[in-house]
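# Residue-level structural notes
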Amino acid sequence: MKEITRLFDFPYYQLENKPNDAALVTKYDGEWVKTSTQEYIDKANAVSRALLKLGVKKDDKIAVISTNNRTEWNIMDIGILQIGAQNIPIYPTICAEDYEYVLNHSESIYCFVSDEEVLEKVNKVIKNTSLKEVYSFDTIKGCKHYSELFDLGKDTDNQNEVEARKNEVKPSDLATIIYTSGTTGKPKGVMLSHRNITSNVLDSTPRVPLKNNKTRVLSFLPICHVFERVLIYIYQYAGTSIYYAESIDKIGDNAKEIKPNMMSVVPRLLEKVYDKIMAKGAELKGIKKALFFWAVSLGEKWEPYKKNGAWYEFQLRIANKLIFSKWRDALGGELHTMVSGSAALQPRLTRIFSAAGMQIMEGYGLTETSPVVSVGKYKNNMFKVGCVGIPIDNVEVKIAEDGEILIKGPNVMMGYYKDPEKTASVMSGDYFHTGDKGEIDLDGFLKITGRKKEMFKTSGGKYIVPTLLENDLKQSRFIEQIMVIGEGEKMPAALVQPNFEFIKEWIAHKKLPVGNSNEDIANSEIIYERIQSEVDECNKKFGNWEQIKVFKLTPDVWSIDAGHLTPTLKMKRDIIKNKYKDLIEKIYRP
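Here's what I pulled together on the structure shown here.

Rules of the game
Residues numbered from 1 in each chain as written. Predicted model: local features only at pLDDT ≥ 70, side-chain atom pairs only at ≥ 80, totals over all residues. Heavy atoms only, no water. 1 Å grid on protein atoms, 1.4 Å probe; cavity = no way out; pocket = protein on both sides within 12 Å on 5 of 7 lines; lining within 4 Å. Points joined across faces, edges and corners; volume = space filled by probe spheres on them. Nonpolar A, V, L, I, M, F, W, Y, C, P; charged D, E, K, R; others polar. Phe/Tyr/Trp six-rings, centres within 6.5 Å; stacked < 30°, edge-to-face > 60°. Helix = DSSP H or I, 4+ residues; strand = E, 2+ residues; numbered from the N terminus. Buried < 20%, exposed > 50% of the residue type's maximum accessible area, 1.4 Å probe, protein only. Core = buried A, V, L, I, M, F, W, Y, C linked by side-chain atoms within 4.5 Å. Contact = heavy atoms within 4.5 Å. Axes fitted to C-alpha atoms, helices over the stretch in contact; angles between N-to-C directions. Parallel < 35°, antiparallel > 145°, perpendicular 65-115°, else oblique. Salt bridge = Lys/Arg side-chain N within 4 Å of Asp/Glu carboxyl O. Pairing = 2+ DSSP bridges. Polar contact = N/O pair within 3.5 Å; in protein donor to acceptor, adjacent residues only side chain to side chain.

## Section: empty space enclosed by the protein
Tallying each qualifying case throughout the model produces two cavities of 30 Å³ or more. One number sums up the size of the largest cavity: a volume of about 60 Å³. The wall of the largest cavity is formed by Thr350, Ile360, Glu362, Gly376, Met382, Phe383, Lys384, Val385, Gly386, Cys387, Gly389 and Phe445. When grouped by side-chain class, the residues that make up the lining of the largest cavity number six nonpolar, four polar and two charged. In terms of lining residues, the second largest cavity is bounded by Lys58, Asp59, Leu81, Gly84, Ala85, Gln86, Val169, Asp173, Leu174 and His194.

## Examining the packing of aromatic side chains
Given two aromatic rings, their pairing is described by the distance between the two centres and the angle made by the two planes. The full count for this structure, using the stated rule, is 21 aromatic pairs. On the basis of an interplanar angle of 45 degrees and a centroid distance of 6.2 Å, the ring pair of Phe292 and Trp327 is categorised as tilted. Of this pair, Phe292 sits in helix α12 (residues 286–299) while Trp327 sits in helix α13 (residues 310–330), and the two are 35 residues apart along the sequence. Among the residues examined, Phe292 registers a relative accessible area of 6% and is labelled buried. The exposure class assigned to Trp327 is buried, which follows from its relative accessible area of 6%.

## Details of the nonpolar core
Counting residues in each nonpolar core, the largest one holds 118 residues, and the members touching the most others are Phe112, Phe324, Trp327 and Met338. Sort the elements by how many residues they give to this core and helix α9 (residues 226–238) lands first, with nine residues. In contact with Met338, not counting residues within four places along its chain, are Met263, Val265, Leu270, Phe353, Met358, Gln359, Ile360 and Met361.

## Concerning the packing of helix α3 (residues 71–81) against α9
Packing of α3 against α9 brings their axes to within 13 Å, and their N-to-C directions diverge by 85 degrees. Here α3 is positioned roughly perpendicular relative to α9, judged by the angle of their axes. Residues Trp73, Asn74, Asp77 and Leu81 of α3 touch α9, and the partners they reach there are Arg229, Ile232, Tyr233 and Gln236. Residue classes in the contact of α3 with α9 are distributed as four nonpolar, two polar and two charged.

## Quick look at the pattern of salt bridges
Any two side chains of opposite charge can pair, given that their charged atoms come close. Taken as a whole, this structure holds 24 salt bridges when the rule is applied. One salt bridge connects Glu303 with Arg351, and the closest N-O pair in it is separated by 2.8 Å. Of the two residues, Glu303 sits in the loop between α12 and α13 while Arg351 sits in helix α14 (residues 347–355), which places them 48 residues apart along the sequence. Note that Asp443 is salt-bridged to Lys384, the shortest N-O span being 2.8 Å. Separated by 59 residues along the polypeptide, Asp443 in the loop between β21 (431–440) and β22 (446–451) and Lys384 in the loop between β15 (372–375) and β16 (390–391) bring together distant segments of the chain. Look at Asp443 and you get exposed, because its relative accessible area is 52%. Three or more residues joined by partner-sharing salt bridges are found here, namely Lys27, Glu246, Lys250 and Glu257.

## Digging into the sheet that holds strand β14 (residues 359–365)
Read from one edge to the other, the open sheet built from nine strands follows the order β2-β1-β11-β10-β12-β13-β14-β15-β16, with strand pairing classed as mixed. Only two strands of the sheet have a single partner each, and these edge strands are β2 (31–35) and β16. As defined by bridge partners, strand β1 (residues 24–28) adjoins β2 across five bridges and the pair is classed as antiparallel. Residue Thr26 lies in a different strand from β2, and its bridge partner there is Val33. Strands in contact with α9 are β10 (216–219), β11 (241–244), β12 (262–265) and β13 (337–340); relative to β12, the strand with the most contacts, it is inclined by about 165 degrees.

## Remarks on the side chain of Asn411
Looking at where Asn411 falls in the secondary structure, it is placed in the loop between β18 (404–408) and β19 (415–416). Assessed through its relative accessible area of 0%, Asn411 is described here as buried. A polar contact is formed between the side chain of Asn411 and the backbone oxygen of Thr369, at a distance of 2.9 Å. Aside from chain neighbours lying at most four places away, what touches Asn411 is Asn196, Ser199, Asn200, Glu368, Thr369, Ser370, Val372 and Val395.

Encoded structure:
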């Protein structure tokens, strides 16, 4: 086929070059159900024919909201895009009011939902939107099932119209509007064209170690986010089998069943996996415990390309046989690569998982850059711990005088939907202002040093980079979340959400006189003093003006549902400050 320039070209390319009997695989009623490349395309065409019969025109907007990744999402994606309409993916976890805002702002006319929980939220606001109909992937009483589109599109009498619509779609046409979760204010609608995303897929592919179409990938990060979505197109281009995990909670079980070779992750997930492994290690006795922590200690010193020498590599082989092989077995035994994005990853985790034979490719990008800007690759010396790789082909990275990362390339968005002023505020000519600060080393590796907006000055005029302190302290098993504060104040301080799950086990193991509720833990002097020791240790690595002088523990879990975190698990700093303004007052004005 001719060059890939539109998103719906990917499955057709796969059919022609690398057809796969298990192109998309989803679990239904306890069984993994495979969809071949041909069936995928046939169903997408049936959806396109049905949408045309429903009167969908070029540039109409169709919303898709799915709790979990599933085959239906991809079928709808291609079915919508190849008739010149736009797919509006919506985060399932946002509130009904935000559903209403996105549906109205995007002017969506149809909505496809995965399950009853999502449908319930849509139904709360449907009267205030322009939706003509809602369809569901699950069978739900009182809601049209999406299979009705297959019935409506069964007759191929208007396939010629589908083909004509496909031919009319230009690479420069709008493909999707992705509403960024945003740490402040209403979500921004990022407009991405077919060229934005296809160029990013094709330029990122050489960095992804997909050996052949026998590769199995486990997908669980939200496909509504452009990071996972672009990876899904990369996998389709490579002819890879994509298995959709049932949920984040079942990743371990699903991995054992399908034995994936690769998956994408976010740092918070790796932190949780690591904490669980360490908790199990702590329960061991005698020689087994000693061997476990010897292997971990060895892993913490790992360097790529065997830089530690032959004696280290000999010890690592022993550690792999005795300890790390069990870690791999817990994730199916055949996982060789994890792609990490969305937030900064602790270098310690990069070292330990890589030492355990599960290399981590850390990358960097934003929704506005479709998203990949740079990513590591173990081959060809393109891997360095603590960096986010080297910029991909055709993407230019420039560091401004104030340290801000600026991006230029075919992946830079068309702009923010219905907001030319905001678009202009982040563009200087062809360069997009990321709001992130970074540096490029002599070997061309990009390193992220913080968020421009998150840096703040104390009343003494000293600059604080909160993420440096936060990333260090999140390595503690006692701390689940931490936010450093102190803008305009005399000193830095912090709000801490304790790791309640771990602390409850620690209390029981130590037989401490501390109650078992989250409130008891947050108010306990014993717990405060234990976390103080973690803060003291962290403070040693920073200048006196940067050190956390006071912190307060919060009694509740910081979550997406409660509004503390975005759907990609980033902290909503302003909201957290507002929620705990009383605690902040006690810190600065006791």
